[in-house]
Amino acid sequence: MTVDKKTGALKNKSKRMCKHEGIVRRLQQRIAKAIEENKQGKVNALTRLLVTSYSAKFLAVKTVTSNRGKHTAGVDGVVWKTKQDKAQAQQNLRPRGYKAQRLKRCYIKKKNGKLRPLSIPTMKDRAMQALYLQALYPVAQARADPDSYGFRPGRSTHDAIEQIYKTLTGTGHRGHWILEGDIKACFDKISHDWLLEHVPMDKTVLKQWLKAGYLDRQKPFQTTEGTPQGGIASPVLCNLALDGMQATVAKLAKEAGTKAHFIRYADDFVVISYNKAFLLDVIKPALEDFLSVRALELSEEKTLLTHINQGFTFLGKSIRKYSGKLIIKPSRESIQSILEKAKEVLKRHGEHVSVYKLKQLLNARLRGWGNYHRFCCASETFSKIDHTVFQMLYAWALRRHPSKGKRWVYRRYFLPNHGFFNQWDKKSSQNPKLVKLSSLGIRRYTKVRKHANPFHPAWADYFAKRQAGLIYRG
């Protein structure tokens, strides 16, 4: 909430936001409860009530005008900036007569150098997706696999890593063979027919999203498969298509008289078992059959069978047992990426920006990376990165002052409590000291409960405590 500095009262905008969020949350809770009671007719009625309510439309427009893509227009070139534009957009969010416009196709470079297609809907289409997504979230949550953690409210990558840790270190029959799975071009290949048949929402609106087509270099193309990665609803549609994989693995393990543990984040997953042949001869073909129904397939390059003593990489973490002890630490690729980002900042901005601005740019990257990895065995890695960043900055400072000596440069920039990288900025209330990863500290993460539903009233207090930090959630 924001506070009026003159009166000390809450601004009307914040009050409105809380009011609309409360109305939408209560409708979502009613939908979740109706799903639990298996009342499909009531679910449909509440869904219609939600997508036609003013509060849901208000929040949908608020979502697309406050996220990172708020300045990115679609094929129509329209961006909602003024209050009048947003108010008019709320009135135009009607399912009846809705027709989605073509997507704007652009490409982003992946780590391997290949180009990934990104399709950007118009502002109106994004708002319509955000509107229906508010009703689809409780349904997707009820259908989700217990150990699926990607693109789900109240869950994160830390929960997936913690579940892997508990599986590989727990007592009893756990497993030491890991089937690493990756679905090839998951978002781009999902079957439209399967989505239209199984996704529980207005089929007319869903068909508009899927069949909208796209413009690539001003040439129109039809979309016959996949969901646009630039769309807000794409992650939820992907989860709905992949839910059921854990039940398939559990059923096959029970029939074979063995145990297997399934953990998934988005389109990446691992299956852990003691039986190597069971993973190769039973689980892998079964998952391939499961995906083929949805027009998907496993990537041969990234689907591997690994022993825990050799280790594997998952979600930027290196997971491996050393002499029987499980160690989870940042992967080499992740370490290399943060060092390359720091090097890029110094190369792009180091010559023409102030030291204060340079610290801001570096801190934004270092603090985010450190907060992500502080829940694993990263103390040694943090110290090495701090040392490498210091060397980069020392070399940068020497280039900045070619006529000065090394001692003068060290006193000016790095001396504790006096150097530019270790002092407060008197003109700012913030602390612009350069972030040291080793000072962040290592913490244990408290995993979310498997069957916790953020949209069910019975779990409201639990997620409120996690949000408030009473149950540490990272």
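Because the structure is predicted, anything quoted here is derived from the model rather than measured.

Undergrad: Just give me the short version of helix α3 (residues 54–64), but keep the residues and values in it.
TA: Counted residue by residue, α3 has eight buried out of 11 residues, so it is predominantly covered. Every buried residue of α3 is accounted for by S55, A56, K57, F58, L59, A60, V61 and V64.

Undergrad: If you had to explain the nonpolar core to someone new, which residues and values would you point to?
TA: Here is a general trend for soluble globular proteins: nonpolar side chains tend to be buried in one another's company. Core analysis: the biggest nonpolar cluster contains 71 residues, and W209, V271 and I283 have the highest contact counts within it. No other element matches helix α5 (residues 123–143), which puts 11 residues into this core. The residues contacting I283, other than those within four sequence positions of it, are L179, V249, L252, V271 and F278. In this structure, L168, I263, L326 and V389 belong to the second largest nonpolar core, which totals 45 residues.

Undergrad: Explain a negative patch on the surface to me, using residue names and the numbers behind them.
TA: Residues E288, D289, E297, E300 and E301 make up a contiguous surface patch of negative charge. Note on placement: E301 falls in the loop between α12 (276–292) and β8 (304–307). Judged by its relative accessible area of 67%, E301 is exposed.

Undergrad: Provide a residue-level description of the pairing of strand β11 (residues 325–330), including the pertinent values.
TA: Bridge count between strand β10 (residues 317–322) and β11: six bridges; the pairing is antiparallel. Bridging from a neighbouring strand, K321 pairs with L326 of β11. Following β10, the chain reverses through two residues before pairing antiparallel with β11; S323 in that reversal takes a positive phi of roughly 55°.

Undergrad: Give me the packing of helix α11 (residues 245–256) against α12: which residues, what numbers.
TA: Contact pair α11 / α12: the axes reach a minimum separation of 10 Å and the direction vectors enclose 145°. Two packed elements cross with a definite hand, and for α11 against α12 that hand is right-handed. For the pair formed by α11 and α12, the contact residues are M245, T248, V249, L252, A253 and A256 on the first element and F278, V282, I283, A286, L287, F290 and L291 on the second.

Reading the values: the criteria
Residues numbered from 1 in each chain as written. Predicted model: local features only at pLDDT ≥ 70, side-chain atom pairs only at ≥ 80, totals over all residues. Heavy atoms only, no water. Buried < 20%, exposed > 50% of the residue type's maximum accessible area, 1.4 Å probe, protein only. Helix = DSSP H or I, 4+ residues; strand = E, 2+ residues; numbered from the N terminus. Core = buried A, V, L, I, M, F, W, Y, C linked by side-chain atoms within 4.5 Å. Contact = heavy atoms within 4.5 Å. Patch = residues over 30% accessible without salt bridge, like charges linked within 9 Å, V, L, I, M, F, W, Y side chains within 5 Å. Areas by Shrake-Rupley, 256 points an atom, 1.4 Å probe, with all protein chains shown as cover. Salt bridge = Lys/Arg side-chain N within 4 Å of Asp/Glu carboxyl O. Lys, Arg positive; Asp, Glu negative; His and termini not counted. Charge placed at Lys NZ, Arg CZ, Asp CG, Glu CD. Pairing = 2+ DSSP bridges. Axes fitted to C-alpha atoms, helices over the stretch in contact; angles between N-to-C directions. Left-handed = near helix turned anticlockwise from the far one by under 90°.

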